[in-house]
Amino acid sequence: MRSIAHIIQQILDWSIITALTSLFSAIGVGGLLWRQLTHNRRQDKALLALLHFRLYANAEDAIKRGYTTVADVEDLQNLFTAYKSLGGNGMGKKLFSDAMELPTCSKGVDKNDY
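All values reported here derive from a predicted model rather than from experimental measurement.

The rules behind these values
Residues numbered from 1 in each chain as written. Predicted model: local features only at pLDDT ≥ 70, side-chain atom pairs only at ≥ 80, totals over all residues. Heavy atoms only, no water. Helix = DSSP H or I, 4+ residues; strand = E, 2+ residues; numbered from the N terminus. Buried < 20%, exposed > 50% of the residue type's maximum accessible area, 1.4 Å probe, protein only. Polar contact = N/O pair within 3.5 Å; in protein donor to acceptor, adjacent residues only side chain to side chain. Contact = heavy atoms within 4.5 Å. Salt bridge = Lys/Arg side-chain N within 4 Å of Asp/Glu carboxyl O. Arc of directions from axis to C-beta. Phe/Tyr/Trp six-rings, centres within 6.5 Å; stacked < 30°, edge-to-face > 60°. Expected span 1.5 Å × (residues − 1).

Engineer: What am I meant to see in the side chain of Asn58 here?
Structural biologist: Its location among the elements puts Asn58 in helix 1 (residues 4-65). Among the residues examined, Asn58 registers a relative accessible area of 19% and is labelled buried. Within polar-contact distance, the side chain of Asn58 engages the side chain of Arg54 at 2.4 Å. Those residues within four positions of Asn58 in sequence are excluded, and the remaining contacts are Asp75, Leu76 and Leu79.

Engineer: Can you help me understand the pattern of salt bridges in this one?
Structural biologist: Side chains carrying opposite charge are able to pair once their charged atoms draw close together. Under the definition given, this model contains 2 salt bridges. Taking the shortest distance from any N to any O, the salt bridge between Asp72 and Arg65 comes out at 2.3 Å. Under the relative-accessibility criterion, Arg65 is labelled partly exposed at 34%. When the shortest N-O distance is used, the salt bridge between Lys94 and Asp98 registers 3.0 Å. Taken as a pair, Lys94 and Asp98 lie in helix 3 (residues 90-100) at a separation of 4 residues, close to a single helical turn.

Engineer: Teacher, can you tell me more about helix 3 here?
Structural biologist: In an α-helix, one turn spans 3.6 residues; hence positions three or four apart end up facing the same way. Where helix 3 is concerned, the buried positions are Gly92, Leu95, Phe96 and Ala99. The arc that holds the buried residues of helix 3, viewed along the axis, is 100 degrees, so those residues lie on one side. Two or three places before Met91, at the opening of helix 3, Asn89 has a side-chain oxygen 3.2 Å from that residue's backbone nitrogen.

Engineer: Honestly, the environment of Ala71 in this entry has me stumped. Any pointers?
Structural biologist: Looking at the secondary structure, you find Ala71 in helix 2 (residues 70-85). Among the residues examined, Ala71 registers a relative accessible area of 41% and is labelled partly exposed. Between the C-alpha atoms of Ala71 and Cys105, which are 34 residues apart in sequence, the distance is 9.8 Å.

Engineer: I'm lost on the packing of aromatic side chains in this one. Help?
Structural biologist: The geometry of two aromatic rings is summed up by the distance between their centres and the angle between their planes. Taken as a whole and assessed by the stated rule, the structure comprises 1 aromatic pair. Seen from their ring centres, Phe80 and Phe96 are 4.4 Å apart, and the 5 degrees between their planes marks the pair as stacked. Placement of Phe80 in helix 2 and of Phe96 in helix 3 is noted, with a sequence separation of 16 residues between them. Assigned by exposure class, Phe80 and Phe96 land together as buried.

Engineer: Before we go on, may I ask you to explain helix 2 in this structure?
Structural biologist: Spanning 16 residues, helix 2 covers 23 Å between terminal C-alpha atoms, matching the ideal 22 Å at 1.5 Å per step. Restricting attention to buried positions, one finds in helix 2 the residues Asp72, Val73, Leu76, Leu79, Phe80 and Tyr83. Taken around the axis of helix 2, the buried residues stretch over an arc of 140 degrees, which confines them to a single face. In helix 2, the exposed residues that point more than 90 degrees away from the buried face are Asn78, Thr81 and Ser85. At the exit of helix 2 stands Gly87, carrying a positive phi of roughly 95 degrees.

Next comes the structure, spelled out in structure tokens:
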């Protein structure tokens, strides 16, 4: 028959093995989560750069033209909403606001009237 000390020692050994296995599993999962989070941040930065480019280009085109079209307004609103949600800055807001203040021209209207 085994002694109680021997049984306690086996329980402690298995407890240590279980604890170490759990720890290493948690570290592995944590590493995967960290990698995914940093990957998502890089994607967000890349998307923000693209939105910045399109928002600025579209708004500046409309401002130079002196009017917007219905399609311009929809595009600028969608671009600005996404741009702002990713942390876009105040200059994008200013360009968006300036473009939204322009008169809206529908297709078929003589653009020289604006």
